Amino acid sequence: MLNFFRSNTANAKDDLLSGLTVALALVPEAIAFAFVAGVSPLIGLYSAFFIGLITSIFGGRPGMISGATGAMAVIVVALVQLHGIEYLFPAVILCGVIQIATGFGRLGKLIRMVPHSVMLGFVNGLAIVIGLAQLGSFRTIDAGSNELTYLSGRPLAIMLALVALTMSVIWLLPKVTRAIPASLVAILGVTLISLGINQFQTDGGSNLVPTVGDMLQTNAKAAALEQHRHALASLGAESDVTHADDQTIQLVGRLSGEPGAADNAMPDPTSTVNVDDVGISGGLPVPFFMEHALPPLTWETLWIIFPFSLTLAAVGLIESLMTMTLIDEITETRGRGNKECVGQGAANVLCGMFGGMGGCAMIGQSLINVNSGGRGRLSGITAAVSLLLFILFCAPLIERIPMAALVGVMFMVVIGTFEWASLKMIRRVPKTDVMVMVLVAGYTVIMHDLATAVILGVIVSAVVFAWQHATHIGAQTHLNEFGSKIYQLHGPLFFASASSFKELFDVHRDPDDVVIDFYYTRVYDQSGLEAINALAERYDAAGKRLHLTHLSGECRELLDKAGDLVEVNVSRDPQYHLATDRLA
């Protein structure tokens, strides 16, 4: 299904239009992740702007979109809750410093160690997560119970119809023309339809077709209700909503039991939350220390933020490098992993300095960009600048975009992201690869932790590889003209095969002179070295001589520590030289 995103080489027009499309899709994502992190929507939007702009300019993968992400949000929420928002921004800055150090240390190449089965599990799991995340757009605050409930009846039918229309336009329009990104046409067209519907029809005073502005108010109300009830629950109290409308909600706390007992337990049990001013309108971002208090510049502060920063850096780089690998495959080009690490780090440093929550590459928006024809850096720059312009000048218009249009776009991303061919491969590939793929996808869906899922998949793949190759070591034996017994080894000698290696030799029955030929094998680690040393001691105790031949340069260097325990016979090893060595 990745062919769904392939298109011709992009130009400036394609980059500009695809960047605008991506910017529209970034708005609800950034807002939703800001609520997850426990910060204001503007912080999420500013984060998406800084992360997207800097990585587009300095990153290693043109066409890839970065911004505020859910994986980063679920990490910082604990920091904000435990220590306050003033600790968030230094943590994001430190995260960026760690990522920059990773890039300069050229550790981005470690992404090559991710097996294809892990990549398939990552892509499929992420597609499912993106799809499930869209279900939140079908929820609203019920007027009776003041709880989040799913749409039903006519609002649900209209929402589903507009989602289907959006998906149909994205699917059919490229068959007619690619002059304008299909996603942009779908968003604009469905927005006009929803404006007409909402102009003449309402559902109990609210929009019949939920918009971005409605989503903002719904999330704000839900967050206020949850926060109020959580605070009162710690006092053994309950929360009642005495008044709720589109602008405000009034919450009253009371103790379970006597009606008048709340006054003694809670000095101010009533709170009113105004959600009318919740929106994406704002000014230019300013350094965080101009609006927030600075945390103490002490070792204790560093001790608090360092674990969060390290986790943020790891999660951000893993997601970014995995997304880069996917975009490489789609565009049939190659990004630069180490440069992307530096770009992500610089973006997070600047994002933290201006009061952002940090971020990394976004696979959904990256695929929207690629599908819309965005291939160059201009597409990411356009998306970031457009997002800032939305905040400064166009907030009222953006808030009227229907969620159905954005959900339809993301559903098409899900269809294009999921590797459907992997379902046909289940019976054709080794069962261990299928197990790893299902494990990574399942962990991603259940835990919503992409980085840990990838790490877990790599570890399981490495263990499976080691287990399979532990039994691949063997030896052919024969006697030479001098009566020496030759062991011709085959297979790798490392920690998993060390025990099998020792069982290949018959020390008591072997002649006084034994040769181990490493022409077809290599010693890979300290466990292999120790196995050779232990074998040498056994032959030495039996009064016999052990020789090793055809060792590679790396093996000889590894065996230097063996000393007199092992005699390495290099006189019969062939010597290989490059022509440049002789000419020099």
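Just above, that's the structure.
Here the structure is a predicted model, which means the values were calculated and not measured.

Conventions adopted
Residues numbered from 1 in each chain as written. Predicted model: local features only at pLDDT ≥ 70, side-chain atom pairs only at ≥ 80, totals over all residues. Heavy atoms only, no water. Salt bridge = Lys/Arg side-chain N within 4 Å of Asp/Glu carboxyl O. Buried < 20%, exposed > 50% of the residue type's maximum accessible area, 1.4 Å probe, protein only. Disulfide = S-S within 2.5 Å. Patch = residues over 30% accessible without salt bridge, like charges linked within 9 Å, V, L, I, M, F, W, Y side chains within 5 Å. Areas by Shrake-Rupley, 256 points an atom, 1.4 Å probe, with all protein chains shown as cover. Helix = DSSP H or I, 4+ residues; strand = E, 2+ residues; numbered from the N terminus. Lys, Arg positive; Asp, Glu negative; His and termini not counted. Contact = heavy atoms within 4.5 Å. Phe/Tyr/Trp six-rings, centres within 6.5 Å; stacked < 30°, edge-to-face > 60°. Expected span 1.5 Å × (residues − 1). Pairing = 2+ DSSP bridges. Bend = angle between axes of the 7 residues up to and from the residue.

1. Focus: the pattern of salt bridges
- In total, this model carries 4 salt bridges according to the counting rule given.
- Notably, a salt bridge pairs Asp14 with Lys13, separated by 3.9 Å at the nearest N-O pair.
- Residue Asp14 is classed as buried on the basis of its relative accessible area of 14%.

2. Quick look at the state of the cysteines
- Scanning the entire structure with this criterion turns up 0 disulfides.
- No disulfide involves Cys95; its sulfur sits 9.0 Å from that of Cys360, the nearest cysteine.
- The buried category is assigned to Cys95, whose relative accessible area is 0%.

3. With respect to a nonpolar patch on the surface
- On the surface, a nonpolar cluster with roughly 360 Å² of combined accessible area is contributed by Ile128, Leu132, Leu135 and Tyr150.
- Here Tyr150 shows up in strand β3 (residues 148-150).

4. Concerning the side chain of Glu29
- The topology assignment puts Glu29 in helix α1 (residues 12-37).
- Here Glu29 sits buried without a salt bridge, and the closest side chain of opposite charge, Arg139, lies 13 Å off (N-O distance).
- If near-sequence neighbours (up to four positions away) are discounted, Glu29 is found in contact with Gln134, Met362, Gln365 and Met410.

5. Brief notes about the packing of aromatic side chains
- For the structure shown, the criterion picks out 9 aromatic pairs.
- Here Phe501 and Phe505 contribute two aromatic rings whose centre-to-centre distance is 5.0 Å and whose plane-to-plane angle is 70 degrees, an arrangement assigned as edge-to-face.
- The exposure class of Phe501 is buried, given its relative accessible area of 0%.
- Through a chain of ring-to-ring contacts, three or more aromatic side chains come together here, namely Phe49, Phe50 and Phe354.

6. Brief notes about helix α11 (residues 337-353)
- The end-to-end C-alpha separation of α11 is 25 Å, in line with the 24 Å expected for 17 residues at 1.5 Å each.
- Of all 17 residues in α11, 12 are buried; the element is thus mostly enclosed.
- Every buried residue of α11 is listed here: Gly337, Asn338, Glu340, Cys341, Gly343, Gln344, Gly345, Ala347, Asn348, Val349, Cys351 and Gly352.
- Among the residues trailing α11, Gly355 stands out with phi positive, at a value near 75 degrees.

7. A word on the pairing of strand β12 (residues 513-520)
- Pairing between strand β11 (residues 485-490) and β12: 5 bridges, direction parallel. For Lys485, the partnering residue across the bridge sits in β12 and is Val514.
- In the sheet, β12 pairs with strand β13 (residues 545-549) via 5 bridges, with the strands oriented parallel. Residue pairing in the sheet places Asp517 in a bridge with Thr549 of β13.

8. What to know about helix α13 (residues 377-398)
- Between its first and last C-alpha, α13 extends only 24 Å over 22 residues, short of the 32 Å set by a 1.5 Å rise per residue.
- If you look at α13, its biggest bend is around 80 degrees, right at Leu392, and the proline Pro396 turns up within four residues after that.
- Here α13 has its buried residues at Ser379, Gly380, Thr382, Ala383, Ala384, Ser386, Leu387, Leu388, Phe390, Ile391, Ala395 and Ile398.

9. A few points about unusual backbone geometry
- One non-glycine residue, Arg106, adopts positive backbone phi at about 55 degrees.
- Looking at the secondary structure, you find Arg106 in the loop between α4 (88-104) and α5 (116-133).
- Assessed through its relative accessible area of 55%, Arg106 is described here as exposed.
- Positive phi is not limited to glycine here, since Glu332 has a value of about 55 degrees.
- Note on placement: Glu332 falls in the loop between α10 (299-331) and α11.

10. A look at the pairing of β11
- In terms of burial, β11 is largely enclosed, as 5 of its 6 residues are buried.
- Alignment of strand β10 (residues 474-479) against β11, held across 6 bridges, turns out to be antiparallel. Residue pairing across strands places Leu479 opposite Lys485, the latter belonging to β11.
- Hairpin remark: β10 followed by β11, antiparallel, with 5 residues in the connecting loop; positive phi at Gly483, about 85 degrees.

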